[in-house]
Amino acid sequence: MSSGEEITHAIKRQQLVEEIKKQGITDERVLRAIAKVPRHKLVPPELEDWAYENRPLPIGEGQTVSQPFTVAYMTQLLDVKPGMKVLEIGTGSGYQTAVLLEMGAKVFTIERVRSLYLSTIEKLKALGYIPAYAGYGDGYQGLPEYAPYDRIIVTAAAPFVPQPLIDQLRPGGKMVIPVGKDVQEMVRIIKLPDGKIKKEIYDRFVFVPLLPGKE
Ligand code: SAH
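Sequence order as written defines the numbering, with residues in each chain counted from 1. Only residues with pLDDT of at least 70 are given local features in this predicted model, and only at 80 or more are side-chain atom pairs given and counted; all residues enter the totals for whole chains, interfaces and linings. Side-chain numbers here rest on the full set of heavy atoms in the structure, without hydrogens or water.

Asker: Residue-level account of the environment of Phe 108, with values.
Answerer: A helix here means a DSSP run of H or I that spans at least four residues, while a strand means a run of E at least two residues long, and both kinds are numbered starting from the N terminus. Within the secondary structure, Phe 108 is located in strand β4 (residues 106-111). For the pair Phe 108 and Asp 27, spaced 81 residues apart in sequence, the C-alpha to C-alpha distance is 22 Å. Two residues form a contact once any of their heavy atoms are found within 4.5 Å. Once residues within four sequence positions are removed from consideration, Phe 108 is found in contact with Lys 85, Val 86, Leu 87, Glu 88, Ala 132, Tyr 133, Leu 143, Tyr 146 and Tyr 149.

Following this line, the structure appears as structure tokens:
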């Protein structure tokens, strides 16, 4: 791609950042990551022109990448610091993965749709985004091999908070997960240093469902 097109994309990304700032995103590290990640390289090629619209987009296999505002909202709630171990459930397009990597997190990501996982990993690698672990797995079980995690982010609608994810969270850790059936409430679970659970409830969103098992 010509550098002219790259500049056009960078300008569109900056406009997107201004838009999500107006919607209430204040965390500079999140805004910087959104300003950097080439979303147009992670959505299907035919949707490239829509990549910097603030809307969800289809990514194949009946799945969608969330609206940039939603990604920013969840990432802000997650409160990620460089070097933290973050488990992401639902790799999807890899956009959220790239945002977390851009913020300096060590990202462990799992996806239940094999074809999606395989194609996304290739795209991420080509862009220089290398997760600590990317695999084909069932988010309801988490990823016990590498637990505990400082942060866990679930990017699909969960009917309940899966217990294995709570177990895999480090004391002092935080998890952001949309919970509900047709409409989801954004829930932030904080595991206190003594292991007790604190639950905070935020705004409502609509996600594709967290489906049971691997496809
Ligand atoms: N983070 C993604 C969001 C994609 S949508 C992005 O930025 O594009 C949610 C994803 O979660 C879909 O790809 C879907 O296949 C996946 N998913 C649904 N249920 C799952 C489960 N039980 N385990 C792992 N991934 C799951």
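So that's the structure; there's more coming.
Asker: A description of the site of the ligand should follow, citing residues and the corresponding values.
Answerer: Summary of the distance rule: residues count as near a molecule or strand when at least one heavy atom falls within 4 Å of that molecule or strand. By nearness alone, 25 residues border the ligand, and Gly 90, Ser 93, Glu 111, Gly 139 and Leu 211 come closest of all. Here an oxygen atom of the ligand and a side-chain polar atom of Glu 111 are 2.6 Å apart. For the ligand, a nitrogen atom lies 2.6 Å from a polar atom in the backbone of Leu 211. In isolation the ligand has 580 Å² of accessible area, and contact with the protein removes 99% of it. Nitrogen and oxygen atoms within 3.5 Å of one another constitute a polar contact, given that in protein one can donate a hydrogen and the other can accept it, and given that sequence-neighbouring residues count only through two side-chain atoms. Here the open area of atoms and residues is found with the Shrake-Rupley method and a 1.4 Å probe, where only the protein chains shown may cover a residue.

Asker: For the packing of helix α2 (residues 28-36) against helix α4 (residues 95-102), give the residues involved together with the corresponding values.
Answerer: In this description, a line fitted to the C-alpha atoms serves as the axis of each element, helices being fitted only across the stretch in contact, and the angle between N-to-C directions of two axes falls anywhere from 0 to 180 degrees. Between α2 and α4, whose axes approach to 9 Å, the crossing angle comes to 120°. As the angle between them shows, α2 and α4 are arranged oblique. Pair α2 / α4 crosses with right-handed handedness. Here Ala 33, Ile 34 and Lys 36 of α2 come into contact with α4, specifically with Tyr 95, Val 99 and Glu 102. Within the contact of α2 with α4, the residues separate by chemical class into four nonpolar, no polar and two charged. The labels follow the angle: roughly parallel below 35 degrees, roughly antiparallel above 145, roughly perpendicular from 65 to 115, and oblique for the rest. Definitions for this section: a left-handed crossing has its near helix turned counterclockwise from the far helix by less than a right angle. A right-handed crossing has that turn clockwise. By the convention adopted, Pro, Cys, Tyr, Trp, Phe, Met, Ile, Leu, Val and Ala count as nonpolar, Lys, Arg, Asp and Glu as charged, and the other residues, Gly among them, as polar.

Asker: Give a detailed account of the packing of helix α3 (residues 68-78) against α4, specifying residues and quantitative values.
Answerer: The contact between α3 and α4 brings their axes to 11 Å, and the two run at 40°. Between α3 and α4, the angle falls in the class oblique. Here α3 and α4 pass one another in a crossing that is right-handed. Residues Val 71, Thr 75 and Leu 78 of α3 touch α4, and the partners they reach there are Tyr 95, Gln 96, Val 99 and Leu 100. Of the residues that constitute the contact of α3 with α4, the class distribution is five nonpolar, two polar and no charged.

Asker: Before we move on, can you summarise helix α1 (residues 3-22) with the specific residues and values?
Answerer: The span one expects for a helix is its residue count, reduced by one, times 1.5 Å. When the terminal C-alpha atoms of α1 are compared, their 29 Å separation across 20 residues agrees well with the 28 Å that a helix rising 1.5 Å per residue should span. Of all the residues in α1, the buried ones are His 9, Arg 13, Leu 16, Val 17 and Ile 20. The buried residues of α1 occupy an angular sector of 105° when projected down its axis, which confines them to one face. Facing away from the buried side of α1 by more than 90 degrees, the exposed set consists of Ile 7, Gln 15 and Lys 22. In this structure, the buried residues of α1 make contact with α2 and α3. One or two steps after α1, the chain reaches Gly 24, where phi turns positive at roughly 110°. Classification of residues uses two cut-offs on accessible area relative to the type maximum, computed with a 1.4 Å probe and protein chains only: under 20% is buried, over 50% is exposed, and between them is partly exposed. What the arc describes is the spread of directions from the helix axis to the C-beta atoms.

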